[in-house]
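Chain by chain, the residues run as shown.
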Amino acid sequence: MTAPFGGGNIVGRAATVTAGAGSRTVLITGVGKGLGRALALELAKKGHSVVGCSRSQDRLTSLHSELSSVDSPLSDSAVSSSDKHFFMTADVCHRDHLKGLR
């Protein structure tokens, strides 16, 4: 099964981001569980901002709570870790949901 919109490329981009200096903003689809969640947590630990979507609001809420306890060596002390990230409920297989991602 092929992931829509080149899901494999998102992993490649995330890996590239961690190699660079400074913090970046990373978009991850399927951020609520599995590889997407693991990437979000790891990138947040490295100081990057995570923008992500998932089909489950409960999983997004859980991830957002977990990110609030993540300590990053690059984080701005004036901004809480959870405030650096943005999540929304969306299913990338449905065109109507993609309109909200723009």
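How each quantity is defined
Residues numbered from 1 in each chain as written. Predicted model: local features only at pLDDT ≥ 70, side-chain atom pairs only at ≥ 80, totals over all residues. Heavy atoms only, no water. Core = buried A, V, L, I, M, F, W, Y, C linked by side-chain atoms within 4.5 Å. Buried < 20%, exposed > 50% of the residue type's maximum accessible area, 1.4 Å probe, protein only. Helix = DSSP H or I, 4+ residues; strand = E, 2+ residues; numbered from the N terminus. Salt bridge = Lys/Arg side-chain N within 4 Å of Asp/Glu carboxyl O. Pairing = 2+ DSSP bridges. Axes fitted to C-alpha atoms, helices over the stretch in contact; angles between N-to-C directions. Arc of directions from axis to C-beta. Contact = heavy atoms within 4.5 Å.

With that settled, consider the nonpolar core. Within the largest apolar cluster, 14 residues are counted, with the highest numbers of intra-cluster contacts made by Ile 28, Val 31, Ala 40, Val 50, Leu 63, Leu 67 and Phe 87. Going through the elements one at a time, β1 (25–29), α2 (34–45) and α3 (57–67) are the ones with two or more residues in this core.

The next point concerns the pattern of salt bridges. Enumeration according to the criterion identifies two salt bridges in this entry. For the salt bridge of Lys 46 with Glu 42, the shortest nitrogen-to-oxygen distance reads 3.7 Å.

If you walk across this open sheet you meet the three strands as β1-β2-β3, and the pairing is parallel. Of all strands in the sheet, those bounded by a partner on one side alone are β1 and β3 (86–89). Across the sheet, the mean angle separating the axes of adjacent strands is 10° when strand polarity is ignored. As paired strands, strand β2 (residues 49–54) and β3 are joined by four bridges and run parallel to one another.

All buried positions along α3 are accounted for by Leu 60, Leu 63 and Leu 67. Viewed end-on, α3 has its buried residues packed into an arc of 65°, placing them on one side of the element. Packing partners of the buried residues in α3 comprise α2, β2 and β3.

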